[in-house]
Structure formats: C-alpha cells, structure tokens
Amino acid sequence: SASRDRFLESLNSLATTAVSPDDSDFWDELWKLPTTNSEVFSTFTPGLIRTIRSDQFNNLDTLFTQATAQMCQIVETPYSIYFDQALNCVRVLTRITPFLIEIDPNHSKIHTILSKQIDEMCFSVPAQKYTEALSGEDEDEPQPLALLVVHAAMHMLFLPQFTADYYDEEDFDDDESSDDEDSDRDLDGSKRALPAVEVSSKKGPKSPQSPDVSETKLSHQSPPTRGGKIPFSPKSKLNSPSSKPQGHPPPPPVDRNSNSISLAPSPSSLIWSPSALPGFIGNSSKKASNPENGYTPNRLEVLLLLLTLSSEPLFHTTTPPRYLPLLTSSSCPNAPLMFYSLLNTVLGYKPRSSSIPYGSAFGNQSEILTSSLHLLNVLLSYGEPCEILNKGVDEALKVSKEDTGNVYATLLLHLSSEDDMLFCCEGFIRLLNNAHLSLNTYLPLSLERLECFEEVLTLFWFFLRNESFKKFLLEVADVNKIVVPLCYLMLEENSNADMVRICTLILLKLTGEREFSVALNRPFNTHLPTSLPLFRGTHCDLLALTMCTKAQKSDDPSFIVILANVSPYMMSLSLVTSSKIMSLLKFYAERVFWKGSLEKVGWLVEVVNNIVQYQFSGNSAFVYACIRGKAVFERMNLSAQDVTEGWLKTERKLIAANKKHLLIAQPGEGFMEVINQTIHLATIDRLLGALAPKIDKFAVTSNGVVDEQDLLDYIKKQTLVGILPVPHAIIIRKYEGGSGEWLRCYLWGIVFLKVKWPVWDGGQIRLFKVNTE
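Residues numbered from 1 in each chain as written. Predicted model: local features only at pLDDT ≥ 70, side-chain atom pairs only at ≥ 80, totals over all residues. Heavy atoms only, no water.

Draft legend 1. Highlighting the overall build of the protein chain. Along its length, the protein chain carries 31 helices and 4 strands. Looking at the protein chain as a whole, 56% of its 773 residues are labelled buried. Restricting to contacts in the protein chain with at least 6 residues of sequence separation, those with at least 24 account for 79%. Counting only carbon and sulfur atoms, one obtains 50% of the accessible surface of the protein chain, whose full area is about 33200 Å². (Helix = DSSP H or I, 4+ residues; strand = E, 2+ residues; numbered from the N terminus. Buried < 20%, exposed > 50% of the residue type's maximum accessible area, 1.4 Å probe, protein only. Contact = heavy atoms within 4.5 Å. Areas by Shrake-Rupley, 256 points an atom, 1.4 Å probe, with all protein chains shown as cover.)

Here you go:
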C-alpha cells in the first residue's frame, strides 16, 4: 500500500540520514501514517533497527522519545481522532524495545558503548528540566523515559473510548479515594496534572467533544533533556476551555502526606469484565468494561507492549531487570485495575460452543485470553510480595510507598473473599477441563478448544501460594475437577515434558494436604480420550494409573512420591490399578541395583505397606494382587550373598548394554544396611504369611476353579487384627521448593513460541537456546 511504502521510506531515512528532532514535517508524517502491526513488523526489520541503532543512534533516541511523548499526550487529552496515531506509537515501541534491551555490554566494546547510550536515553535522570512543559506549570522532578513509557502504557489500558468505557465521578469510592495514591499518579509517577475539565453536578455526556482539527493536532515533540517530563507541544490548544473533553472527571483528592498506597482499584467500573460476577473480579454492582465494545484490538496492542518491556530476562540471565520493577511497583498507575482486569479476562473466559459442526471457529476471542495470561504470569513470576501495613478484613490493602515488592503478587496473595474464591475455582475448572471436553463432543469441533493450557497451569501454580484459595479448593470446591484435566494433560499424546512437569509440581503440592487425598475417593465416571485401561473406580484409580504410566517411562521419582503421599488414604482400588502398581514394583525390583531404582523400590514398598496397614478392609483387590505377586517380595528378602550375586549379574547385563554408569555403589560393608533401611518388608511378610496359605486352601476346596469375584469376597471376610505389626507413621512429603530458573525458562519459552508477532530475535536470546534452523 502507499502508506506502507511511505512508512518504509521514512524508516530508511532514519537509517541513512541524521534527522533533526525539530524536523516537524518528517516526524508528523511518520506518526500520522496509517499502519498495522503486520506492516510495522514487516517493514521495520531487525537489520534495519540495528542499523539505526549503530549508525544513527540519535534518530533512535528521538524515535523512542517521540513515541513516548505521543503516548503521554494522548493519555492527558484522550481524543478519539488521535487514537490511531497513539497506536502507531505503541507498535513502534513494541518493535524497537527488544533491540534496546538485547544489548549485552560484555559482548564487545561496541556493545559497551551502545549499552551506555541506551542507559542514558532510557534510565538516566537529567540535571536540567525541560522548560516548555505546560506553560511552566509542571514543578515535578524529572523522570526517566523508561518510567514514562511504562506509566503511559498502564494509563492507556484504561483510557476512555480507547480501551475502556467512560466513567463518572461518583464511580470513585469516597471512603477509599483519599488514600488512593495509585489512581492519582501522573505518567511520571508524580501527582497527575490533567487539563482542567468542566464537570457539572449532573452527569456529563458520554463522549468527548472533538477539537477543531484545523487548530489542534498531536504534533511532534522536541525531545526534552533526557528523562524529563514529556511536554505538550507549544502549538497545541488542547488546554483551551472550548476543546476540553467532557465525561472524563478528574481523579479524587489525595492525602499527599500519607506514606501508604491503597491497593483498591479505582474507579472499579473500569475493571475489564467479560460477565457480571461478584467481587472486584468483575463487580456486578457497577457497570464494567465489556470486551464486546470493540476495545479488544487496542488492549491487545498495549498488552503486547507491556509484555515486551518485561522481556529483559530473555536476554540478561545474570543481571536484574529494570523494567519489571517499574511495572510491579506499588506506585505503578492502575496496577490493581490491571490485576483484576487480567484475572477477569482469564478466569471469566468461556470457550465458545456451537450447535453446528466447526461452529466454534467463528468469533474466537482466545487471543485476548492468551495475551492476558502471558502478561499476568510474567508479572507474578518476578520478585516477592509487598508487606501489608493494615490487617483489617474490610479495609483496602495498603502498602508503603517505599516498598519494592511485587504489587500483583501481593494482590494475589490476599484474595480471600468466598465469592472471589468461587469465581477463581470455577474459572480454572472450566478452562482446564476444556482439554478433554472439547474432544468429547458429538459434533466435531462444536466446542472451542483452547491452546493455552500451559499458561493456565502456570497461573494455577501461582494461585497455590494463596492459602485461602488452596483451602477453598480442597474443602469447598471439588478438587477432583482439577485432578481429571491434570491427569489427562499428562497422558495426552502431544504433551511435552515441561507440561508434564508443571502438572507434576501441582500434584506434589496438593498431595501434601490430607484433604486432597481423602477427596480422591469419590467415584470417577468421566470418559477420557486416553490410552488408560478401562476401569471402574474412584479418582484414586485415575491418579494411580496415571502416575504408574508416567513412572515406567521416566526417571523422575516425583510420580512415585505422589503415589506414596496418597496411598494411606486409598480406600478402594480397582483390580486394574492394583495390578498396575504391582507391575511397576516388579519393574523396579528387577533393576534394584540401577542408579535411583533402590529409592523407588523403597517408596513403592511404602505404598503397599500403607494400603495394607491403613486401608485393608476396602482393598481386597489390592491384597489379591499382592498375593499373586508374592514372588516379587520373596526376591527382595536378600542375604549378603544374594546382594553380591545380584549386583554382579546386573553389572554384566549393563556392561553388555554399555550402561555401566547406571550401577549404584558396589556391595561391601554397610551395603546390606542401606538396603534394609530403604526396603521395609515386615508388614508385607505378615500379610503373605497369614493370607497366602488360606487363599491356596480356598482354591483347593474349589477344585482349582475359582471365580475372581468369589475370591475377592473371601478376602473381604478376612481380618489382620493382631497379625500386622504396630502401625508405622504416615510419611507425607510436602513440596516446599520453588520452581526457580526452570519456571522462568518455561514461562518465557511459552511466550516466545506463542506470541503472534515476531517480537524477539531468537538468535539473541540467552535464557534458552532457540533452534533457528
């Protein structure tokens, strides 16, 4: 198109010619050219950006400053006729920011010089202020451009008629507004200095009066002394009374002497809400910004810019990020609004269904779901929560202005109302169960299938930090509705190792709670499109079969630990599950001298001991499976001679297979003691000694033809009271570790692969290796 060609021509000029910041004709034309995201990414190539960065850095400096200036001005005077121009700025910043943060100062001397220039441009604070700011009325301290662009983007997420509906002055909560420092902050983090607005006692019109285009324009901005407050153009008449936008009331008064910041979203009517739901997570008592109003495309653009600004961990693995602290600070404007809005968008999302085949392919809204998940997970993964100053149940949370904690982690940690917990649990259940429900429809593709299960699982992992949420999930909600999709996603054919790992971490966390294991005994009646053998039983059977299937194909011991954690509470396992557990025990018992196998055998023996000791009466099928596999236990009663012979036999096999490194230490003094401390067979030996002869006798009396159900009924009538040893202590292994570097790599790997546009150059990423072949 003509606009695309003109845009490309302007970019080429930036790469070859030093363009003056005062060249209004050039800059005005650049920002006013109609563009799309695809045009910006296709014309503004990585090579072109790096050429401007190395050969014409002053042009890149002006470009960054100009884009920030335009965003700041549109926030101060939100006229709809300038929204396209503002979007151009957002797209350009999204495109060039990765090439500013990818620089490694230790790579070369040139990169060291570039890094210093970028630091001076984005993060340095000038000694002298820019003097043309709003006719000299601005008395705030200058702020770096990095802070201004972050705060401008945060304001643009809730800009009237751009990404949100208009709100009225009464939307502010009078009881909380006096403490709400957040809603009253300017783009630079200081008190907002909005243009004077005429607000009558009656409700004003719901749309602004557009100014006379012939007199007023968003002109180019001469760059201020670096880091200074972005001024309005002296040519602009946006402050004249005749052109003031109506229906955009000023923020509420603020106690400037307060040392705390309220984390209550204000005004709460700006929270994005896909449906009428209770609590701050979609307040039905106030009007809410509806995604059907056409704001979704603009929201996606701004969310992508914020995600791009947060992407320093992709390129700098040893140095702390600098944009993320700005985004997660309690002083970041509209942070509570964004937190609740993103939660609404994610957990209020309902996969589209249709009564016709392939009907879900029309009107798909999953892009805003994925973008919200990406940004929310990235923000929650950074830093530690803030310290709360007030502990009142009915009060808005308050934190210190000086607190450097993560405001989003703080808000997540303190979600506690029953309505919020119900909304969150239902949201996770709905999203995760889409994995198998979308494949179980009568009509093909009549239910939309989501493509963001990894992101939902990551968010669920962050939610488990909230003790109120975990307690509600285990004691009030049906936690089995989370277990079913977790097991399915672990067994799905196209599930990757990282998805299996995040599911495993979640189950490790949950199995540390007694309520979770008890809840698993509820009947399981769901059909899952997996390769699991058919069974009739409970959710214990589903979990046990899943863990056994994964444990036999992986060296990860977590699957067996999960099985050991829930085993004392398995009230009635099916014969299919019982046989699978015994098969797994036999598998590792035959490899007891392999590295890691001895510990797994010990845990599996613990599973058998727990079921026999604590749940004998309801597990006749499991007892029958143990008796059938008594040869496995007999081989475990090893003498010192048996150990030496078994070790040598295993060594010969492994040498033949070139796997000698898998052997454990050679048998010697103390080796038998290690085995005896790991494998405890006393309970099993007494079970077999008491019941095995009776089962043999029962078979003889039946002339060798025994119906399986008759045998199970016979075992049910038996008792081991006075036979089994004193009950051993139940050991529950709780997962207390963090996810650390792995989760960061996993999260950013998902973002890198799923973001719609080629934002980052894979060859420059240092957090993980990108295969560019």
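Draft legend 2. Fine view of the packing of aromatic side chains. Counted under the stated rule, the structure contains 19 aromatic pairs. Ring centres of F428 and F469 lie 5.9 Å apart, and the angle between their planes is 65°; on these two criteria the pair is classed as edge-to-face. On the criterion of sequence distance, the pair formed by F428 in helix α15 (residues 418-437) and F469 in helix α17 (residues 467-475) is long-range, its members being 41 residues apart. In this structure F428 comes out as buried when scored by relative accessible area, which is 0%. Using a relative accessible area of 0% as the deciding quantity, one classes F469 as buried. An aromatic cluster of at least three residues, connected via ring pairs, comprises F428, F460, F463 and F469. (Phe/Tyr/Trp six-rings, centres within 6.5 Å; stacked < 30°, edge-to-face > 60°.)

Draft legend 3. Geometry of the side chain of E455. Summarising the element assignment, E455 is placed in helix α16 (residues 453-463). For E455, a relative accessible area of 0% translates into the label buried. Ignoring sequence-local partners within four residues, the contact set of E455 consists of T370, L373, H374, N377, I750 and K754.

Draft legend 4. Spotlight on unusual backbone geometry. Cis geometry is adopted by the peptide bond preceding P267, which originates at S266 and carries an omega value of -5°. Counting through the fold element by element, P267 comes out in the loop between β1 (260-262) and α10 (296-309). The backbone of Q161 shows a phi angle near 70°, a positive value even though the residue is not glycine. Even without glycine at this site, N334 takes up a positive phi of about 65°.

Draft legend 5. Inspection of the pattern of salt bridges at higher detail. Per the stated rule, a full pass over the model turns up 14 salt bridges. Of the charged contacts in the structure, one is a salt bridge between R53 and E102, with a shortest N-O distance of 3.1 Å. Linking R53 in helix α4 (residues 46-55) with E102 in the loop between α6 (83-101) and α7 (109-122), this pair joins segments that are 49 residues apart in sequence. Here the two residues R53 and E102 agree in accessibility, since each one is buried. Across the pair E606 and R733 runs a salt bridge whose closest N-O atoms are separated by 2.8 Å. Taken together, the positions of E606 in helix α24 (residues 597-614) and R733 in the loop between α30 (708-716) and α31 (740-754) put the pair 127 residues apart, joining distant regions of the chain. Where salt bridges share partners, they join R50, R53, E102 and D761 into one cluster. (Salt bridge = Lys/Arg side-chain N within 4 Å of Asp/Glu carboxyl O.)

Draft legend 6. Examining α16 more closely. Along α16, 11 of the 11 residues are buried, which leaves the element largely enclosed by surrounding structure. When we look at burial in α16, the residues that qualify are F453, E454, E455, V456, L457, T458, L459, F460, W461, F462 and F463.

Draft legend 7. Quick look at the packing of α16 against helix α19 (residues 497-510). Direction vectors running N to C along α16 and α19 enclose 25°, while the axes themselves pass 10 Å from each other. Here α19 runs roughly parallel to α16, going by the angle between their axes. Here α16 and α19 pass one another in a crossing that is left-handed. Facing α16, whose interface residues are F453, E454, L457, T458, F460 and W461, α19 presents M499, I502, C503, L505, I506 and K509. (Axes fitted to C-alpha atoms, helices over the stretch in contact; angles between N-to-C directions. Parallel < 35°, antiparallel > 145°, perpendicular 65-115°, else oblique. Left-handed = near helix turned anticlockwise from the far one by under 90°.)

Draft legend 8. Summary view of the confidence of the model for the protein chain. Of the residues in the protein chain, 78% reach a pLDDT of 70 or more, and the chain-wide mean stands at 80. Below a pLDDT of 50 lies the segment residues 127-139, which in the model reaches 19 contacts outside its immediate sequence neighbourhood of four places, other chains included. When the criterion is pLDDT under 50, residues 173-254 qualifies, and its contacts beyond four places in sequence or with other chains add up to 233 contacts. (pLDDT = per-residue confidence, 0-100.)

Draft legend 9. Region of interest: the packing of helix α2 (residues 24-32) against helix α5 (residues 57-76). Interaxial distance between α2 and α5 falls to 12 Å at its minimum, and their mutual angle equals 60°. By the angle between their directions, the pair α2 and α5 is classed as oblique. Relative to α5, the crossing made by α2 is right-handed. Judged by residue contacts, W27, L30 and W31 of α2 engage N59, T62, L63, Q66, A67 and Q70 from α5.

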